[in-house]
Amino acid sequence: MGFADQRFNVNLSILFTELPLLERPAAAAAAGFSAVELWWPWIDSPTPEQSELGALKKAIEDAGVRLTGLNFYAGQLPGPDRGALSVPGEESEKFRANIDVAIAFAGSLGCTTFNALYGNRVEGVDPAEQDALALENLVLAARAVGRVGGTVLIEALNRPESPKCPIVSAPKAIEIVDKVNAATGLGNAKFLMDLYHLSMNGEDLPSVIESYAAKTGHVQIADNPGRGAPGTGSLPLEELLDQLSKAGYDGWVGLEYKPGDRPSAEAFDWLPAEARTAR
């Protein structure tokens, strides 16, 4: 067991960001990886021009990498926002407008896994109103994704860095997952287990894995403190991923960490080159 037995992809929205977006897939391939994931790249638009979508599709195809995960529109990310689907008004409408666009784009690359970030609490708005809107939008997304046999992910963020986000624990994210699945009957809402965020919340990671591995649709990692590469902090990431594998998780592990003060291409020395291409 160990890192060499995992299937890793590279998140191109946090790694290789020193490069223009269209150059990042090829950079990931040059570093030895065969799969990538992305936050929604057009932070100002849920419905970019077809030419922009086509250019990114071509860059991914030309690089010979596989797109394995995509965020729905989530507002200014990176930035002050933590999602759009629970935010009344324009942001919620942007999320809805993005659903079919994101599914079509990802589907053209064989990707059917989508992260739906919940969003921040809004001052002056009843939290119950936001939660009702969020459930409505998540149900819409789950049903749309269900038509292509896909999965909607619900991610728990961390309270220190996202104090306005209400989904800041594994149990809370699982609660939302269960509500969406109960409303749709599809069972295609899953937990996005980000070990960095959960560790920042002080959660017992082995216990989280034991309790929720069966409901987990994707895993992301970064070390803590610092959100750097494995080995730059104190998290026993190799052991935790082994535990996940033993619990039955055989999906992708997204590398969603900061490269630090070095080029991203130099931030993978913890992972042998032969272990970077998914088998």
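Below you will find a few notes about this structure. Worth saying up front: this structure is predicted, and the values here are computed from it rather than measured. The numbering scheme is per chain: residues are counted from 1 as the chain's sequence reads. Local features in this predicted model are restricted to residues of pLDDT 70 or higher, and side-chain atom pairs are both shown and tallied only at a pLDDT of 80 or more, whereas totals for entire chains, interfaces and linings draw on every residue. Values shown for side chains rest on all heavy atoms present in the structure; no hydrogens or waters enter the calculation.

## Some words on the side chain of serine 34
At step 1: Numbering goes from the N terminus for both helices and strands, where a helix is a DSSP run of H or I of at least four residues and a strand is a run of E of at least two. Note that serine 34 resides in the loop between helix H1 (24-30) and strand S2 (35-38).
At step 2: Under this definition, polar contacts are N or O atom pairs within 3.5 Å; protein pairs additionally need one hydrogen-donor-capable and one acceptor-capable atom, and for neighbouring residues in sequence, both atoms have to be side-chain atoms. Within the structure, the side chain of serine 34 is placed 3.0 Å from the backbone nitrogen of alanine 278, a separation counted as a polar contact.
At step 3: It only takes one pair of heavy atoms within 4.5 Å for two residues to be counted as in contact. The residues contacting serine 34, other than those within four sequence positions of it, are Gly64, Val65, Arg66, Arg276, Thr277 and Ala278.

## Some details on unusual backbone geometry
At step 1: A cis geometry characterises the amide bond from leucine 77 onward to proline 78, with omega recorded as 5 degrees.
At step 2: Assignment of secondary structure puts proline 78 in the loop between strand S3 (66-71) and helix H3 (90-107).
At step 3: Cis rather than trans, the peptide bond between asparagine 224 and proline 225 has omega equal to 5 degrees.
At step 4: Tracing the backbone through its elements, the reader meets proline 225 in the loop between strand S7 (216-221) and helix H8 (237-246).
At step 5: The phi dihedral of phenylalanine 16 falls on the positive side, at around 65 degrees, and the residue is not glycine.
At step 6: By secondary structure assignment, the location of phenylalanine 16 is in the loop between strand S1 (7-11) and H1.

## Details of the pairing of S3
Moving residue by residue along a regular strand, the side chains alternate between the two faces of the sheet.
At step 1: Most of S3 sits out of view: five of its six residues are buried.
At step 2: In this description, strands pair whenever DSSP reports at least two bridges between them. Sheet analysis places S2 next to S3, joined by four bridges and oriented parallel. The residue of S3 that forms the bridge with valine 36 is leucine 67.
At step 3: Of the crossover connections in this fold, the one passing from S2 over helix H2 (residues 50-63) to the parallel S3 is right-handed.
At step 4: Sheet analysis places S3 next to strand S4 (residues 113-115), joined by two bridges and oriented parallel. Bridging across to S4, asparagine 71 finds its partner in asparagine 115.
At step 5: If the strands point away from the viewer and the path from the first strand over the helix to the second runs clockwise, then the crossover is right-handed. What joins S3 to S4 is H3, and the crossover it makes is right-handed. Exposed residues in this analysis have more than 50% of their type's maximum accessible area, buried residues have under 20%, and partly exposed residues fall in between, with area computed by a 1.4 Å probe over protein chains only.

## Quick word on the sheet that holds S4
At step 1: If you walk around this closed barrel you meet the eight strands as S1-S2-S3-S4-S5-S6-S7-S8, and the pairing is parallel. Within this sheet the neighbouring strands show an average axis-to-axis angle of 30 degrees, counted without direction.
At step 2: Here S7 pairs with strand S8 (residues 252-255) via three bridges, running parallel. Bridge pairing in S8 places isoleucine 221 opposite leucine 255.
At step 3: Lines fitted to C-alpha atoms define the axes, with helix axes restricted to the stretch in contact, and inter-axis angles between N-to-C directions lie between 0 and 180 degrees. Sheet contacts for helix H7 (residues 205-212): strand S6 (189-194) and S7; angle to S6, the most-contacted strand, approximately 165 degrees.
At step 4: With respect to the sheet, H8 is in contact with S1, S6, S7 and S8, its orientation differing from that of S7 by roughly 170 degrees.

## With respect to H2
At step 1: Here the expected span of a helix is defined as 1.5 Å times the quantity of residues minus one. Between its first and last C-alpha atoms H2 spans 20 Å; for 14 residues at 1.5 Å apiece the expected length is 20 Å, and the two agree.
At step 2: Every buried residue belonging to H2 is among Leu53, Leu56, Ala59, Ile60 and Ala63, and all of these are buried. Buried residues of H2 fall within an arc of 125 degrees about the axis and therefore sit on the same side. Opposite the packed face of H2, turned more than 90 degrees from it, sit the exposed residues Gln50, Ser51, Lys58 and Asp62.
At step 3: Contacts from the buried residues of H2 go to H1, S2, S3 and H3.
At step 4: Downstream of H2 by a residue or two, glycine 64 has a phi angle that is positive, lying close to 75 degrees. Note: the arc covers the axis-to-C-beta directions of the helix.

## Overview of helix H4 (residues 127-146)
At step 1: Taking 1.5 Å per residue, 20 residues should reach 28 Å; H4 reaches 28 Å between its end C-alpha atoms and fits that length.
At step 2: Residues of H4 that are buried include every one of Gln130, Leu133, Ala134, Asn137, Leu138, Val139, Ala141, Ala142, Ala144 and Val145, and no others.
At step 3: Looking at the buried side of H4, the elements it contacts are H3, S4, strand S5 (151-155) and helix H5 (170-184).
At step 4: For H4, the capping residue at the N-terminal end is aspartate 126, with a side-chain oxygen 2.9 Å from the backbone nitrogen of alanine 128.

## Considerations on the packing of aromatic side chains
At step 1: Stacked, edge-to-face and tilted labels apply to pairs of Phe, Tyr and Trp rings (six-membered ring for Trp) whose centres lie within 6.5 Å, assigned for plane angles under 30 degrees, over 60, and everything in between, in that order. Counted by the stated rule, this structure contains 12 aromatic pairs.
At step 2: Considering the side-chain rings of phenylalanine 8 and tryptophan 270, the 5.5 Å spacing of their centres and the 85 degrees angle between planes classify their relative orientation as edge-to-face. Of the two residues, phenylalanine 8 sits in strand S1 while tryptophan 270 sits in the segment after S8, which places them 262 residues apart along the sequence.
At step 3: Residue class for tryptophan 270 comes out buried when judged on its relative accessible area of 14%.
At step 4: Residues phenylalanine 72 and phenylalanine 114 carry aromatic rings whose centres are separated by 5.1 Å and whose planes lie at 15 degrees to one another, so their mutual orientation is stacked. One end of the pair, phenylalanine 72, is in the loop between S3 and H3; the other, phenylalanine 114, is in strand S4, and 42 residues separate them in sequence. We note that phenylalanine 72, like phenylalanine 114, is buried.
At step 5: Joined through ring pairs, the aromatic side chains of Phe3, Phe8, Phe16, Phe33, Tyr257, Phe268 and Trp270 make up one cluster.
At step 6: In this scheme, Lys NZ or Arg CZ marks a charge over a ring once it lies within 6 Å of the ring centre and within 35 degrees of the ring normal. Over the ring of tryptophan 252 we find arginine 7; its NZ or CZ atom is 4.4 Å from the centre of that ring.

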